[in-house]
Amino acid sequence: MSSTSNKNILNTPPTGGERGTVIKADKLTKRFGDFTAVDQISFEVNKGEIFGFLGANGAGKTTAMRMLCGLSLPTSGTGRVAGFDVYKENEKIKRNIGYMSQKFSLYEDLTVKENIRFYAGIYGKSDKFIKDKTEFILKQLHMENEADKLVKALPLGWRQKLAFSVAIFHEPQIVFLDEPTGGVDPVTRREFWSMIYQAAESGITIFVTTHYMDEAEYCSRVSIMVDGRIDALDTPSQLKKSYQAKSMDEVFLKLARKAARSESNPTKTA
Amino acid sequence: MRTLKFLLQKEFRQIFRDSGILRIIFILPVIQLLILPWAADYEIKNIKLAVVDHDHSDYSRQLINKVTASGYFILTDYTSFYDDAMRQIEHDKADLILEIPMSFEKDLVKEDKAKLFLAVNAINGVKAGLGSAYLRSIIQDYNGEVRLNWIQFPRFNPETNIEVVSSNWFNPLMNYKFFMVPGILVLLLTMVGSNLTAINIVKEKEIGTIEQINVTPIKKYHFVLGKLIPFWALGLLVFSIGFTIAWLVYGIVPAGSLLTIYFFAAIYLLAVLGLGLLISTYANNQQQSMLISFFIMMVFVLLGGLYTSIDSMPGWAKIITKFNPVSYFIEVIRMVVLKGSGLSDIKYQLLTIFGFAVVLNSWAVINYRKRS
């Protein structure tokens, strides 16, 4: 299936913009010894946007994302997430964001319901809120019958959808998704993206990294990281225009080929 | 508080779903307490003795009879040549050589004195030391008998008639199980407390759930308490199982108050759990955590006063034992179980262990970072 036909089925990405900035990075840098993982990146993300964060393996996407989530202390530069400073107010940031890491992060030895309850609980949600919303989400995921099954018994695609639902359960302003669809089949990937669109429509800003270029086309705006720097940032159609490319795939290849430190050929296209 | 409730709920669910952990909790104390006290016995028996008898007299035979009748020695060789006996030692068939000289009987009767020669295989130091001490006391005894029964005394009796009789206070029968079982129980508690906690947290690091927790606004102390409380309860459970076995199998009933022991154990567990927590902040995976725990346990056991007496350690080693929480608990549990000591007798140890708990836990909390 081609990437353009995929896009037509989903709605046009929300543009955000008019409702203000929720993430602002200015020359944000992270060094590990003499290795500069993230090199002075500057960008802004608008409320309600789906912001695609692309780059080859090792380009620094995850490190950048971890700094914004308050998991990693920046070496220099400034950053604000949901109006809070990434250096001093990292615990306040955490109250306002959801995060889905590359590693599967639900407890496999707890049931679906127990996982939801646990994460919602530590965000301080009330029992009533948890109960009502759990029912709603299970229905939405068509997982009513799996509610009391251990998570390890679920197939990967289901787990990822569940993990996403858990990440936005506490209704954060922004959700950070680190390769949420890695290893997931195309059908489930489509379902996953329609969940992302729904979340964006409800006002949650989506910050997502991916290796799938068809997914890049679903984003409102896309940034492409090469060797720790952001080399391109625009809407997918604008990027294709300026790089004279037919698809995002081509744009990515043109940029990623310059990379000095990535693995031989890191493109993983669908 | 609500956050803590969710953390505890999750932790207990996971523990009771993990059949591996449950097995460790219930089977470990049973096996350790059923097997170790029988094997870890201080009494040295079956010392292999080679006798080199150059005299072949009645007296020499009487001496040998007395030695073998004591029950501590097995006569493995009886020969007239020292070299034969030496070969037995070289081949590890004998631990001790007793050499009786040619004129043993004659000297004893006529000169009123005789010399014996004792050679010891010191490869097993404890056996050698105790073996020669036993043999010495048997010979002493024999000497006394000979002088009393068979020798004509001079007018002024040179034989001293003072006999030393010792009685063993607090453990009158010198039952080693009374001594070992409480100590093994302490080791068990230490292992369960520090290892399980460390591995549990490091496992969360490995599977990545800890990052998901670090990205929530949860407080550090919530997370730490959420880990400490379940394993604290678990530790006390293991301890209770252990004490039940000690009572059922060995008939060990503390002379002092059980409450005193539990009070100390509760504080002690805080220190041990703090250690586990600290290990988990340094280790990145379960192997690392296991290795660190293993190393620490080794030092704890060997310098804890369970198998070797702290009093007989060199000065510098005694200083190290001061930093070993195990040594305090072993001391305390023996005091309470055997001597019936109360809270006021163990207040120094109690305060020290409380200090350990404060230091280890603070260190762990400071070292646990939600942000790298």
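Residues numbered from 1 in each chain as written. Chains lettered and ligands numbered in written order. Predicted model: local features only at pLDDT ≥ 70, side-chain atom pairs only at ≥ 80, totals over all residues. Heavy atoms only, no water.

**Q** Explain the overall build of chain B residue by residue, including any values.
**A** Assigned secondary structure in chain B consists of 14 helices and four strands. Against the globule reference of 21 Å for 372 residues, chain B gives a C-alpha radius of gyration of 28 Å, more extended than a compact globule. Counting only C-alpha atoms, chain B reaches 95 × 45 × 40 Å along its principal axes. Burial analysis of chain B (372 residues in total) assigns 48% to the buried set. Intrachain contacts of chain B at a sequence separation of at least 6 include 78% that bridge at least 24 residues. As presented, chain B carries roughly 19100 Å² of accessible surface, and 64% of it is formed by carbon and sulfur atoms. Looking at charge distribution, chain B has the averaged site of its 34 positive side-chain charges lying 19 Å from that of its 28 negative ones. (Helix = DSSP H or I, 4+ residues; strand = E, 2+ residues; numbered from the N terminus. Rg over C-alpha atoms; globule rule 2.2 N^0.38 Å. Buried < 20%, exposed > 50% of the residue type's maximum accessible area, 1.4 Å probe, protein only. Contact = heavy atoms within 4.5 Å. Areas by Shrake-Rupley, 256 points an atom, 1.4 Å probe, with all protein chains shown as cover. Lys, Arg positive; Asp, Glu negative; His and termini not counted. Charge placed at Lys NZ, Arg CZ, Asp CG, Glu CD.)

**Q** Outline the overall build of chain A, listing residues and values.
**A** Counting its regular elements, chain A contains ten helices and ten strands. In chain A, which comprises 270 residues, the share counted as buried stands at 57%. Considering only contacts in chain A between residues 6 or more positions apart, those separated by 24 or more positions represent 70%.

**Q** Please set out the nonpolar core residue by residue, giving values where relevant.
**A** Counting residues in hydrophobic clusters, the biggest one holds 126 residues, and the most contacted among them are A:Leu162, A:Phe164, A:Ile206, A:Ile224 and B:Phe329. For A:Ile224, the contacting residues outside a window of four places in its chain are A:Leu54, A:Arg229, A:Ile230, A:Asp231, A:Ala232, A:Met248, A:Val251, A:Phe252 and A:Leu255. Grouped together as the second largest cluster of nonpolar side chains are 30 residues, A:Ala25, A:Val38, A:Ile97 and A:Phe207 included. (Core = buried A, V, L, I, M, F, W, Y, C linked by side-chain atoms within 4.5 Å.)

**Q** Give me the lowdown on the packing of aromatic side chains, citing residues and values where you can.
**A** Working definition: an aromatic ring pair is given by the centre-to-centre distance plus the angle between the planes. With the rule as written, the count across this model stands at 26 aromatic pairs over all chains. On the numbers, 6.3 Å between centres and 35° between planes, the contact of A:Phe51 with A:Phe53 is tilted. Centre to centre, the rings of A:Phe129 and A:Phe169 are 5.9 Å apart; their planes meet at 90°, and the pair counts as edge-to-face. Residue A:Phe129 is found in helix H5 (residues 127–140), and its partner A:Phe169 is found in the loop between helix H6 (156–167) and strand E7 (174–178); the two are separated by 40 residues along the sequence. Of the aromatic side chains, those joined through ring pairs into one cluster are B:Phe239, B:Phe243, B:Tyr262, B:Phe264, B:Tyr268 and B:Phe329. The ring of A:Phe169 has A:Lys133 sitting right over it, with the charged end atom 5.3 Å from the ring centre. Above the plane of the ring of B:Phe6 lies B:Lys5, whose end atom (NZ or CZ) is 5.2 Å from the centre. (Phe/Tyr/Trp six-rings, centres within 6.5 Å; stacked < 30°, edge-to-face > 60°. Lys NZ or Arg CZ within 6 Å of the ring centre and 35° of its normal.)

**Q** How would you sum up the interface of chain B and chain A? Please name residues and give values.
**A** Listed per partner, the contact involves 28 residues of chain B and 37 residues of chain A. Of the roughly 2900 Å² buried where chain B meets chain A, counting both sides, 51% is carbon and sulfur surface. Here chain B and chain A share four salt bridges between them. Where A:Asp127 meets B:Arg2, a salt bridge forms, and the shortest distance between an N and an O atom there is 3.7 Å. Here chain B and chain A share 14 residue pairs in polar contact (both at pLDDT 80 or more) between them. If you list the elements that add at least two residues to the side of chain B that touches chain A, you get helix H1 (2–17), helix H7 (176–207) and helix H8 (209–214) of chain B. At ten residues, the largest contribution of residues to the side of chain B that touches chain A is made by H1(B). (Buried area = accessible area lost by both parts, 1.4 Å probe. Salt bridge = Lys/Arg side-chain N within 4 Å of Asp/Glu carboxyl O. Polar contact = N/O pair within 3.5 Å; in protein donor to acceptor, adjacent residues only side chain to side chain.)

**Q** Explain the pairing of strand E3 (residues 96–100) of chain B residue by residue, including any values.
**A** Residues and elements named next belong to chain B. Burial runs high along E3: five of the five residues are buried. Side chains Leu96, Leu98 and Ile100 project from E3 onto one buried face, and the interleaved Ile97 and Glu99 project onto a second face that is buried too. Here strand E1 (residues 47–53) pairs with E3 via five bridges, running parallel. Bridging across to E3, Ala50 finds its partner in Ile97. In this structure, E3 lies alongside strand E4 (residues 117–120), joined through four bridges in antiparallel fashion. Note on E4: the bridge partner recorded for Leu96 is Val120. (Pairing = 2+ DSSP bridges.)

**Q** I'd love a proper account of a nonpolar patch on the surface, names of residues and values included.
**A** Residue and element names in this part refer to chain B. Taken together, Phe26, Ile27, Ile31, Leu34, Ile35, Leu36, Leu237, Trp247, Leu248, Val249, Val253 and Tyr307 make up a surface patch of nonpolar side chains, about 1100 Å² in accessible area. Of all the elements in the fold, those that place two or more residues in the nonpolar patch are helix H2 (19–39) and helix H9 (220–250). Of the residues forming the nonpolar patch, the biggest block, six residues, is contributed by H2. Structurally, Ile31 can be placed in helix H2. (Patch = residues over 30% accessible without salt bridge, like charges linked within 9 Å, V, L, I, M, F, W, Y side chains within 5 Å.)

**Q** How would you sum up the pattern of salt bridges? Please name residues and give values.
**A** According to the stated counting rule, one finds 25 salt bridges over all chains in the structure shown. Across the pair A:Glu191 and A:Lys161 runs a salt bridge whose closest N-O atoms are separated by 2.5 Å. Placement of A:Glu191 in helix H7 (residues 186–201) and of A:Lys161 in helix H6 is noted, with a sequence separation of 30 residues between them. Close ionic contact of A:Glu215 with A:Arg189 constitutes a salt bridge, the shortest N to O distance being 2.8 Å. Of this pair, A:Glu215 sits in helix H8 (residues 213–217) while A:Arg189 sits in helix H7, and the two are 26 residues apart along the sequence. Residues joined by salt bridges that share partners form a network here, namely B:Lys10, B:Glu11, B:Glu204 and B:Lys227.

**Q** So, the environment of B:Ala266: which residues are in play, and what are the values?
**A** Residue and element names in this part refer to chain B. For Ala266, the position within the fold is in helix H10 (residues 258–282). Expressed as a C-alpha distance, the spacing of Ala266 and Pro182, which sit 84 residues apart in the sequence, is 16 Å. Residues contacting Ala266, with those up to four places away along its chain left out, are Trp232 and Leu236.

**Q** I'd love a proper account of the sheet that holds strand E1 (residues 21–32) of chain A, names of residues and values included.
**A** Residue and element names in this part refer to chain A. What the four strands build is an open sheet, ordered E2-E1-E4-E5; its pairing is antiparallel. The open sheet has two edge strands, strand E2 (35–46) and strand E5 (84–85), and neither has a second partner. Judged from the eight bridges that link them, E1 and E2 form a sheet pairing that is antiparallel. Along E2, the bridge assignment pairs Leu28 with Ile41.

**Q** Give me the packing of H7(B) against H9(B): which residues, what numbers.
**A** Residues and elements named next belong to chain B. Contact geometry of H7 with H9 gives a least axis separation of 10 Å together with a crossing angle of 155°. If you check the angle between H7 and H9, you find them roughly antiparallel. Between H7 and H9 the crossing geometry is right-handed. Contacts between H7 and H9 involve Lys177, Phe178, Val181, Leu185, Leu188, Leu189, Val192, Leu196, Thr197, Asn200, Ile201 and Glu204 on the former and, on the latter, Lys227, Phe231, Leu234, Gly235, Val238, Phe239, Gly242, Phe243, Ala246 and Tyr250. Here the residues of the contact of H7 with H9 are counted per class, giving 15 nonpolar, four polar and three charged. (Axes fitted to C-alpha atoms, helices over the stretch in contact; angles between N-to-C directions. Parallel < 35°, antiparallel > 145°, perpendicular 65-115°, else oblique. Left-handed = near helix turned anticlockwise from the far one by under 90°. Nonpolar A, V, L, I, M, F, W, Y, C, P; charged D, E, K, R; others polar.)

**Q** Give me the lowdown on the packing of H6(A) against H7(A), citing residues and values where you can.
**A** Residue and element names in this part refer to chain A. Contact pair H6 / H7: the axes reach a minimum separation of 10 Å and the direction vectors enclose 10°. Considered as vectors, H6 and H7 are oriented roughly parallel to each other. Within the contact between the two elements, H6 uses Gly157, Gln160, Lys161, Phe164 and Ser165 and H7 uses Thr188, Glu191, Phe192, Met195, Ile196 and Ala199. Of the residues assigned to the contact of H6 with H7, the class counts are five nonpolar, four polar and two charged.

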